[in-house]
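# Examining the three-dimensional arrangement
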Amino acid sequence: MATYLIVGGVAGGAGVAARLRRRDEQAEIIIFERGEYISFANCGLPYYAGGVIENRSSLFMMTPELFKRVLNVEARVNSEVVSVDRAQKKVTVRNIKDGTTYVQAYDHLILSPGATPIRPPIPGIDLPSIMTLRSVSDIDRIKASIDRSETKRAMVIGGGFIGLEMAENLKHRGLEVSLVEALEQVMNVIDYDFAAQVQQHMRSKGVSLHLKNPIKGFSEKDGAVLVELKSGKVLETDLVILSIGVRPDTAFLKESGIVLSSTGAIVVDDYFTTNDPSIRALGDAICFTCPLTDHSITVPLAGPANKQARLLADALIDGNKKPYKGTIGTSIAKVFDLTVASTGLNEKTLAASKLPYKSAVIHSSSHAGYYPGSLPLSLKILFHPTTGKVWGAQAVGYDGVDKRIDVISAFIGMDGTVYDLAEFEHAYAPPFSSAKDPINMVGFIGMNALEGISNPIGWKEVDHLIEQGAVVLDIRSEAETMTGGRLPGSINIPHTALRERIAEIPRDKPIVTMCALGMRGYLAERILRGNGFTEVYNLTGGLRSYTTAKSELARLNQ
Ligand code: FAD
């Protein structure tokens, strides 16, 4: 009978234990969990703080008693593994309640200790009103603070998924909410033009944003927290949620001889095995090779941790037969009324990995515009300019964002190209989509680019082309130009009049066609190309993408 010891009893650890039991009725399986609870819904914590999840008990999927009864797995809570002796195949466990320690032997050790919130060593960081969020006890503390009648203001530091979810939920509780972010945008996993949409939505919901504004330090005054920014600005709040990222919770492994990366992540192979064949690891604490860049990455997300758990348990029972294919970081968040999701690589990671790419953007709608209830949906793909391989996608909208990103994630997982997106067959009726789904549409743009039919360019490239002497041909109607703003130096010829007025367009300069959303610009591009113009570009995403990003950049520089 094999003895499996598991460190960490939440997403990865509990998942491994359950699958192991289903595969081996005889094994001894023991989980050590430092906290008070096992198998709780970390992802639901922000919504419990906001009162959207009303019952605290809903956060718990399992208790140690239930684990024992249903799965015959022993889950020891308040039990911290403090060291690993690989030579003796033993761990030392500290009882958090009384401080005593004991030693437990294993045949196989499985590490799923997760990641811990980063707390940078800046002045005042240990003030009691500065809280991080990882566990149930963290959310209990945060909720108790929100519930105090003196707490009127809250500040979230960090504009990642958890930070934004917390901002929404704090607002939901009626607090005055501000968000401070060191980078120039929230949600660093998406590109600036899409993050800009999220920022505008957050402001419309009353969250004040302080972007590109790192924290210098904290202090206290008359019961309030003073937050000093590097810009010199000092903000006052009653509660701070520090959410600036996580790092693998692996300090207890430092002396173990288990190989860790420079960031402290446990290095594993395709079967989650560490440098010690008796020790495997999974979840937020591991690093592995990104299937798209070949770089080592950590992906702190629940979906991968849960799926890794199943594969890891099977590898322990069956041997190394089913290698892990890695994850491309597909993720999603609700930000007030918006849904924001992404998969694969974004422009920053592509540039940093020196991978060539082009982008295609559409501002479309969740389903056929003529059917009631259709809502705006923006979708962007990044793809290889010659092979068409899809690198990544992002979407922002109110409905149907998840399905678009999930489908593209599946295509990326199968090395899909823009041709696959163009041909993707979807279930269509007007309440659900359009006959040509937004996924098909971005695929068409990509295909046209690959085949030299069109040359889409992103909002960032336009200014550079103008500097180099390009002329922007604005083909919106005159009425649209009155209200929607204009690009400096652009010439306006409505696209319906383009053929008659084509002589007005200079033939010795590059031309950038531009409309409100990108579609009519493409039609104009085709007319110009059909009339002998050779260097023509179309602004993908149109003026909407350009002005959304530009107006946010202008705010930053105010
Ligand atoms: P965890 O689930 O964190 O479990 C690790 C456990 O190990 C912890 O309970 C810890 O106490 C314990 N532990 C650590 N060291 C020791 C030790 N030495 N001895 C004993 N026990 C130890 N992901 C998504 O995909 N979508 C979401 O919407 C989402 N929302 C989130 C919201 C919040 C507030 C948080 C905190 C996370 C969210 N995540 C989300 C991330 C997701 O929860 C993690 O990716 C996932 O839980 C990772 O699983 P894990 O097993 O690696 O770590």
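Everything below is about the structure shown above.
Residues numbered from 1 in each chain as written. Predicted model: local features only at pLDDT ≥ 70, side-chain atom pairs only at ≥ 80, totals over all residues. Heavy atoms only, no water.

## A few points about the site of the ligand
To keep things clear, this is the line we draw: One heavy atom within 4 Å of a molecule or strand is enough for the residue carrying it to be called near that molecule or strand. Definition of a polar contact: a pair of N or O atoms within 3.5 Å, with one able to donate and the other able to accept a hydrogen when the atoms are protein atoms, and with sequence-neighbouring residues admitted only if both atoms are side-chain atoms. Helix and strand definitions here come from DSSP, where helices need a minimum of 4 consecutive H or I residues and strands a minimum of 2 consecutive E residues; each element is numbered from the N-terminal end. Note on residue classes: Ala, Val, Leu, Ile, Met, Phe, Trp, Tyr, Cys and Pro are nonpolar, Asp, Glu, Lys and Arg are charged, and everything else, Gly too, is polar.
Neighbouring the ligand are 30 residues, the closest being G12, E33, S112, D284 and A302. At 2.9 Å, a backbone N or O of V81 approaches a nitrogen atom of the ligand. Between the ligand and the protein, one listed contact pairs an oxygen atom with a side-chain N or O atom of S112 at 2.8 Å. Among the secondary structure elements, those contributing two or more residues to the shell around the ligand are α1 (11-23), β4 (79-85) and α7 (302-318). For the shell around the ligand, a count of residues per class yields 15 nonpolar, 9 polar and 6 charged.

## Things to note about the nonpolar core
Threshold: Buried Ala, Val, Leu, Ile, Met, Phe, Trp, Tyr and Cys residues form a nonpolar core when they are joined through side-chain atoms within 4.5 Å. Think of it in three bands: residues with accessible area under 20% of the maximum for their type are buried, residues over 50% are exposed, and the middle band is partly exposed, with areas taken using a 1.4 Å probe on protein chains only.
If you look at the biggest cluster of nonpolar residues, it comprises 57 residues, and the most contacted ones within it are L170, L179, M187, V198 and M202. Core analysis: the next-biggest nonpolar cluster, separate from the first, contains 45 residues, V16, L71, I110 and L316 among them.

## Some words on the sheet that holds strand β26 (residues 390-397)
What counts is decided by this rule: Note on pairing: DSSP must find at least two bridges between two strands before they are called paired. Each axis is a line fitted through C-alpha atoms, taken for helices only over the stretch in contact, and angles between the N-to-C directions span 0 to 180 degrees. Contacts are assigned to residue pairs that have any heavy atoms within 4.5 Å of one another.
Strand order in the open sheet made by the 5 strands is β22-β23-β26-β25-β24, with antiparallel pairing throughout. In this open sheet, the two strands that pair with only one neighbour each are β22 (331-335) and β24 (358-365). Strand-to-strand, the axes of this sheet are offset by a mean angle of 10 degrees, without reference to chain direction. The pairing of strand β23 (residues 338-344) with β26 spans 6 bridges and is classified as antiparallel. Its bridge partner being in β26, A341 is matched across the sheet by A395. Each of β22, β23, β25 (376-383) and β26 is contacted by helix α9 (residues 401-413), which is oriented at about 175 degrees to β26, the strand it contacts most.

Shape is all these values report; function is a separate question.
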